[in-house]
Amino acid sequence: MRILVTGGLGFIGSAVVRRIISGSDHEVLNLDKITYAGDPSTVAEMASSDRYHFERTDICDAAAVARAFAEFRPDGVLHLAAESHVDRSIDGPADFIQTNLVGTFTLLEAALAWHRERPCAEPFRFVHVSTDEVFGSLGPDDAPFDETTPYSPRSPYSASKAGSDHLARAWGETFGLPVIVTNCSNNYGEYQFPEKLVPLMIVKALRAEALPVYGAGENVRDWLYVDDHAAALVQVLESGYPGETYAIGGSAERQNIEVVRGICDLLDARPRQDLIEFVQDRPGHDLRYAVNTDHICATLGWRPSVSFEEGLARTVDWYLSHEEWWSAILDSRYEGQRLGSKA
Ligand code: NAD
Ligand code: DAU
């Protein structure tokens, strides 16, 4: 397949690119604007492959996106480009509206034009990669999210992703674009930008800085190792059904304080636990996310291969052995406004 990946220099997109180039015969065109979250070093080992191509492109640029479709002639799209950090969406929502809504609209229009141009016999799929945050916040005893859960986004980030999901499905229903939507839970693993909970806590603990846990640390997320998400996305593109939604998760619900304590334990126990500080809560902080993955397990045979404990240990090891990667970000180009200093 010829696969157009958007956002392939980000955390999950780069894991997808690495998986496709190293584990299949597919060809990739990676379109990425290289925002603060995009980093070419995440795919450096793939760059020499003649099956990997990159163009620095803003998905809101209709002419550039249309040109990419016409020249690359993709059989499928994996759309990951987005503004992805909830705290940034609270501090400044404009980029989220632009990329997540206008950018997705621009990409859908280009994909539709390309789909209409292709011979009918050649299958095409557009996989829109989304989040479980569009479903809102679960109570402690609620059933996990699944493909039928009504939308109830509560942050500017999740509202913009919810809107983009609706656009993608509308282009499927109204115009016949073969769209598939995935809604995944929290990812963690290598190359995650150190503004998200897991890498932020690892790098702060290594620097012996306070570990800012929002509220009482009781919010629950369902954690999935990034390579398992990448595997699910490739499988959905290869074998998923147009019009379907796939809920993806790790079946590994943990309170934030458990995650942070787990990182401290892996890093060397007691002294780091003392760095934990309970700070002012995130506004509108969703209490609990959990995902029921029965549908994707039953229909595509996908399941997570890495337990949370094993994945967290691998992630801590990776950050320990890649200090040059994260310290360069922290020292020079980290633009986080909410660097956990709100206490
Ligand atoms: P990320 O922030 O690490 O990477 C986003 C990538 O998109 C970056 O490379 C960035 O340069 C690029 N980008 C941003 N705006 C762009 C634009 N206008 N044009 C082209 N490229 C642009 O994000 P991530 O965590 O890898 O998330 C990827 C996707 O998966 C997002 O759609 C996100 O909503 C979704 N998702 C993330 C998680 C998670 O836990 N991180 C979970 C479920 C779903
Ligand atoms: O559920 C999927 C979503 O997971 C993705 O769609 C998002 O792109 C991704 O960023 C993530 O969103 P969260 O808001 O859940 O992730 P974050 O890592 O920002 O926060 C995880 C939890 O940890 C959340 O309850 C807030 C809390 N937290 C976060 C930070 C950055 C803290 O307690 N302290 C912090 O400093």
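Refer to the structure above for everything that follows.
No experiment lies behind these values; they were computed from the predicted model shown.

Parameters at a glance
- Residues numbered from 1 in each chain as written.
- Chains lettered and ligands numbered in written order.
- Predicted model: local features only at pLDDT ≥ 70, side-chain atom pairs only at ≥ 80, totals over all residues.
- Heavy atoms only, no water.
- Phe/Tyr/Trp six-rings, centres within 6.5 Å; stacked < 30°, edge-to-face > 60°.
- Lys NZ or Arg CZ within 6 Å of the ring centre and 35° of its normal.
- Near = heavy atom within 4 Å.
- Polar contact = N/O pair within 3.5 Å; in protein donor to acceptor, adjacent residues only side chain to side chain.
- Areas by Shrake-Rupley, 256 points an atom, 1.4 Å probe, with all protein chains shown as cover.
- Nonpolar A, V, L, I, M, F, W, Y, C, P; charged D, E, K, R; others polar.
- Helix = DSSP H or I, 4+ residues; strand = E, 2+ residues; numbered from the N terminus.
- Expected span 1.5 Å × (residues − 1).
- Buried < 20%, exposed > 50% of the residue type's maximum accessible area, 1.4 Å probe, protein only.
- Arc of directions from axis to C-beta.
- Salt bridge = Lys/Arg side-chain N within 4 Å of Asp/Glu carboxyl O.

Student: How would you summarise the packing of aromatic side chains if you had to cite specific residues and measurements?
Tutor: Scanning the model with the defined rule gives 16 aromatic pairs in all. For Arg2, the ring lying beneath its charged end belongs to Phe72, and the centroid distance is 4.4 Å. For Arg221, the ring lying beneath its charged end belongs to Tyr289, and the centroid distance is 3.9 Å.

Student: Which residues make up the site of ligand 2, and what values go with them?
Tutor: With respect to spatial proximity, 25 residues lie near ligand 2, and among them Asp132, Glu133, Tyr157, Arg282 and His285 are the closest. Between ligand 2 and Asp132, the relevant distance is 2.5 Å, taken from an oxygen atom to a side-chain nitrogen or oxygen of the residue. A distance of 2.8 Å separates an oxygen atom of ligand 2 from a polar backbone atom of Leu197. For ligand 2, the protein covers 94% of the area, taking 690 Å² as the surface of the free molecule. Here the residues of the shell around ligand 2 are counted per class, giving 10 nonpolar, eight polar and seven charged.

Student: Lay out helix α11 (residues 308-321) in plain terms, naming residues and giving numbers.
Tutor: Taking 1.5 Å per residue as the helical rise, α11 with its 14 residues ought to reach 20 Å, and the 20 Å between its terminal C-alpha atoms agrees with that figure. Of all the residues in α11, the buried ones are Phe308, Gly311, Leu312, Thr315, Val316, Trp318 and Tyr319. For α11, the arc enclosing every buried residue in end-on projection is 160°, short of the 170-degree limit, so these residues lie on one face.

Student: Can you lay out helix α6 (residues 197-206) for me, pointing to particular residues and giving the numbers?
Tutor: For α6, the buried fraction is high: eight of the 10 residues fall into the buried class. By the burial criterion, the buried members of α6 are Val198, Pro199, Leu200, Met201, Ile202, Val203, Lys204 and Ala205. Phi for Ala208, located one or two positions after α6, is positive at around 55°.

Student: Let's hear about the site of ligand 1: which residues, and what values?
Tutor: Within the structure, ligand 1 sits among 28 residues, and Ile12, Asp32, Ser84, Tyr157 and Lys161 are positioned closest to it. Within the backbone of Lys33, an N or O atom sits 3.0 Å from a nitrogen atom of ligand 1. Coverage of ligand 1 by the protein chains reaches 97% of its 840 Å² of free accessible surface. Elements supplying a minimum of two residues to the shell around ligand 1: α1 (11-23), β5 (125-131), α5 (156-175) and β7 (186-188). Of all the elements, β5 adds the most residues to the shell around ligand 1, at three residues.

Student: Can you explain the pattern of salt bridges? Please cite residues and give values.
Tutor: Tallied over the full model, the rule gives 13 salt bridges. For Asp75, the salt bridge identified is with Arg118, shortest N-O distance 3.3 Å. Taken together, the residues Asp75 in the loop between α2 (62-72) and β4 (76-79) and Arg118 in the loop between α4 (94-117) and β5 connect sequence positions 43 residues apart. Judged by its relative accessible area of 6%, Arg118 is buried. A salt bridge links Glu253 to Arg288; its shortest N-O distance comes to 2.7 Å. Remark: Arg288 occurs in the loop between β12 (276-279) and α10 (294-300) and Glu253 occurs in strand β11 (residues 253-255); sequence separation between them is 35 residues. We classify Glu253 as partly exposed; its relative accessible area is 33%. A relative accessible area of 7% places Arg288 in the buried class.

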